Amino acid sequence: MRRRPRRNRSNQGVRSMVEETKLSTENLIYPLFIEDGVGVKTEIKSLKDNFRWSLDTLLPEIEACVKLGLDKFVLFPAVKESLKDSIASYSYAQDNFYLNAIHKIKSEFPQLSLMSDVAMDPYSSDGHDGLVKNNRILNDETLPILAKMAIAQAQAGIDILGPSDMMDGRIGFLRDELDASGYSDTSIMSYTAKYASAFYEPFRDALDSAPKSGDKKTYQMNPANKNEALLEAELDFQEGADMMMVKPATCYLDIIHVLKENFDIPITAYNVSGECAMIYAASEKGWLDYETSMYEMLLSIRRAGADGILTYFAKDFAKFQQ
Ligand code: PBG
């Protein structure tokens, strides 16, 4: 045998030299959940060590994360049922606690990149990402609502807007409205290929944002489809997305790969709540080792082609790197 691949695996020094994929804290974006109030720190039952915070408890938590080397966060609001309505008007209300929190976090930590979620579901009495009329999700009527939300978030200081709603044409619509309002520097990371997945359940529990009726299959993609992801990406690219996301990540590594191969803008992936919950649960039972299985999951997402990964593991990963 002249060719023995094992020789390049013979010790740690060689292994790390020939390592093809590098994963570091810089690649990670950490999701954080905020609710209105004071002194709140409520653990999300299916996401160990992830909490719903109020602004006063969140600020020291962000500081702790920054010390670990994290510098990118995506913020999600948990909105009281009484503030929800069919047009998600609270999403752009003057006294919105989420917008105030963004402003405050940005002024305390100007060096951080803050990302938001643009979709109606956390603010909608119907629990859908778009406007509901007669059991249908209206596309074009949703766009101006998303634009008001996006402009309010940009005004509050968000660096990267994350439209997660999957309405057609929303990237171009938002880009035009943002530019017309003086926010041409605010980026858009489109949830480009967002699948109608079973793996969002823990997140919907965290925010009480599950649809009140029906499912999201008329706007989120069919998990069976890959060509359609290329079509979505083509449209988002043309409409001006700065980065394109695939969501979920681990069951969709082929989609991450095909977008990375075909588009010259950064590709990201959302390692969603259900994917992380599986590892939390199995490691709690002693069936998997938390640190190594989490690392392998994140590494495979990166190997598939993701430049950035949104993940609930971000803080623990950063901690293990210390
Ligand atoms: C909603 C939104 C969802 C997630 C991010 N934004 C849920 C959904 O589409 O129902 C899921 C994230 C996760 O599961 O971690 N616009």
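Use the structure listed above.
Description of the structure in this document. All residue numbers refer to position in the chain's written sequence, counted from 1. Only residues with pLDDT of at least 70 get local features here, since the model is predicted, and only at 80 or more are side-chain atom pairs given and counted; chain-wide, interface and lining totals rely on the full set of residues. Side-chain numbers here rest on the full set of heavy atoms in the structure, without hydrogens or water.

1. Things to note about the overall build of the chain
(1) Moving on: Along its length, the chain carries 11 helices and 12 strands.
(2) Moving on: It is over C-alpha atoms that the radius of gyration is taken, and the globule rule equals 2.2 Å times the number of residues to the power 0.38. For 322 residues, the compact-globule estimate of 2.2 N^0.38 gives 20 Å, and the chain sits close to it at 20 Å.
(3) Moving on: Each residue is placed in one exposure class: buried if its accessible area under a 1.4 Å probe, protein chains only, is under 20% of its type's maximum, exposed if it is over 50%, and partly exposed if it falls in between. For the chain, the residues scored as buried account for 55% of the 322 residues in total.
(4) Moving on: A sequence separation of at least 24 residues applies to 73% of the contacts in the chain between residues at least 6 apart.
(5) Moving on: Each accessible area is a Shrake-Rupley result for a 1.4 Å probe, and residues are judged covered by the shown protein chains and nothing else. Accessible area of the chain: about 14,900 Å², with a carbon and sulfur share of 49%.
(6) Moving on: Think of it this way: Lys and Arg go in the positive column, Asp and Glu in the negative one, and His and the chain ends go nowhere. Every charge is mapped to an atom, namely NZ of Lys, CZ of Arg, CG of Asp or CD of Glu. Put simply, the chain has 36 plus and 48 minus side-chain charges, and the middle of one group is 9 Å from the middle of the other. Working definition: helices are DSSP H or I runs of at least four residues, strands are E runs of at least two. Numbering for both runs from the N terminus. Contact between two residues is taken to exist if any of their heavy atoms lie within 4.5 Å; hydrogens are not considered.

2. Points about the nonpolar core
(1) Moving on: Of all hydrophobic cores here, the largest spans 107 residues; its most connected members are Phe33, Phe73, Ile256, Tyr270 and Phe313.
(2) Moving on: Ranked by the residues each element gives to this core, the list is headed by helix H4 (residues 143–156), at 10 residues.
(3) Moving on: Not counting residues up to four positions away in its chain, the partners in contact with Tyr270 are Pro31, Phe76, Tyr191, Phe203, Met245, Val246, Lys247, Pro248, Ala249, Glu275, Leu310 and Tyr312. Only buried Ala, Val, Leu, Ile, Met, Phe, Trp, Tyr and Cys residues count toward a nonpolar core, and they belong to the same one when joined by side-chain atoms within 4.5 Å.

3. Focus: helix H9 (residues 273–284)
(1) Moving on: Helix length check: H9, at 12 residues, gives a terminal C-alpha distance of 16 Å against a target of 16 Å (1.5 Å per residue), a fit within 8%.
(2) Moving on: Of all 12 residues in H9, nine are buried, a share of seventy percent or more.
(3) Moving on: Within H9, burial applies to Ser273, Gly274, Glu275, Cys276, Ala277, Ile279, Tyr280, Ala282 and Ser283.
(4) Moving on: Downstream of H9 by a residue or two, Gly286 has a phi angle that is positive, lying close to 80 degrees. Working rule for helices: expected span equals 1.5 Å times residues minus one.

4. Observations concerning the site of the ligand
(1) Moving on: Looking at the ligand, there are 17 residues lining it, with Lys194, Arg204, Lys247, Ser273 and Tyr312 nearest.
(2) Moving on: Contact between the ligand and Asp121: a nitrogen atom at 3.1 Å from a side-chain N or O atom of the residue.
(3) Moving on: A 3.5 Å cut-off defines polar contacts: any pair of N or O atoms within that distance qualifies, except that in protein one atom must be a possible hydrogen donor and the other a possible acceptor, and neighbouring residues in sequence count only when both atoms are side-chain atoms. Residue Arg204 places a side-chain N or O atom 2.6 Å away from an oxygen atom belonging to the ligand.
(4) Moving on: Computed on the free molecule, the ligand has an accessible area of 400 Å², of which 100% lies beneath the protein chains in the complex.
(5) Moving on: The residue classification treats Ala, Val, Leu, Ile, Met, Phe, Trp, Tyr, Cys and Pro as nonpolar and Asp, Glu, Lys and Arg as charged. All others, Gly included, are polar. By residue class, the composition of the shell around the ligand is seven nonpolar, three polar and seven charged. Nearness is judged by heavy atoms alone; a residue qualifies as near a molecule or strand once a single heavy atom is within 4 Å of it.

5. Considerations on the state of the cysteines
Covalently bonding the sulfur atom of one cysteine to the sulfur atom of another cysteine gives a disulfide.
(1) Moving on: Any cysteine sulfur atom paired with another within 2.5 Å is treated as part of a disulfide. In the structure shown here, the tally under the stated rule is zero disulfides.
(2) Moving on: Among the cysteines around Cys276, which has no disulfide bond, Cys251 carries the closest sulfur, lying 12 Å off.
(3) Moving on: We classify Cys276 as buried; its relative accessible area is 0%.

6. Topic: the packing of helix H2 (residues 55–67) against helix H3 (residues 97–108)
(1) Moving on: Two elements in contact, H2 and H3, have axes separated by 11 Å at closest approach and are oriented at 30 degrees. Two packed elements cross with a definite hand, and for H2 against H3 that hand is right-handed. Seen from H2, the contacting residues are Leu55, Leu58, Leu59 and Ile62; seen from H3, they are Ala101, Lys104, Ile105 and Glu108. For every element, the axis is a line fit to its C-alpha atoms; helices are fit only across the contacting stretch, and the angle between N-to-C directions ranges from 0 to 180 degrees. Left-handed describes a crossing whose near helix is turned anticlockwise from the far helix by less than a right angle; the clockwise case is right-handed.

7. Thoughts on the pairing of strand S2 (residues 41–44)
(1) Moving on: Both S2 and strand S3 (residues 47–53) contribute to a ladder of four bridges, which runs antiparallel. The residue of S3 that forms the bridge with Thr42 is Arg52. Here a strand pair is declared whenever DSSP counts at least two bridges between the two strands.

8. Examining helix H10 (residues 290–304)
(1) Moving on: Given a rise of 1.5 Å per residue, 15 residues ought to cover 21 Å, and the 21 Å separating the end C-alpha atoms of H10 matches this to within 8%.
(2) Moving on: Buried within H10 we find Tyr290, Ser293, Met294, Met297, Leu298, Ser300, Ile301 and Ala304. Seen from one end, H10 has its buried residues packed into an arc of 155 degrees, which puts them on one side. Those residues of H10 that are exposed and angled more than 90 degrees off the buried face are Glu296 and Arg303.
(3) Moving on: Summarising the contacts, the buried residues of H10 are in contact with helix H8 (253–262), strand S11 (267–271), H9, strand S12 (308–311) and helix H11 (314–321).
(4) Moving on: Phi turns positive one or two residues past the end of H10, at Gly305, with a value near 135 degrees. Directions from the helix axis toward the C-beta atoms define the arc.

9. Regarding the pairing of S11
(1) Moving on: Extensive coverage of S11 is indicated by the burial of five of its five residues.
(2) Moving on: Neither face of S11 is exposed, since Ile267, Ala269 and Asn271 on one face and Thr268 and Tyr270 on the opposite face are all buried.
(3) Moving on: Regarding the hand of the β-α-β motif, the stretch spanning strand S10 (residues 243–247), H8 and S11 is right-handed.
(4) Moving on: Pairing analysis gives four bridges linking S11 to S12, with the strands arranged parallel. The residue of S12 that forms the bridge with Tyr270 is Leu310. With the strands pointing away from the viewer, any crossover whose connection runs clockwise from the first strand over the helix to the second is right-handed.

Keep in mind these numbers describe shape, not what the thing actually does.
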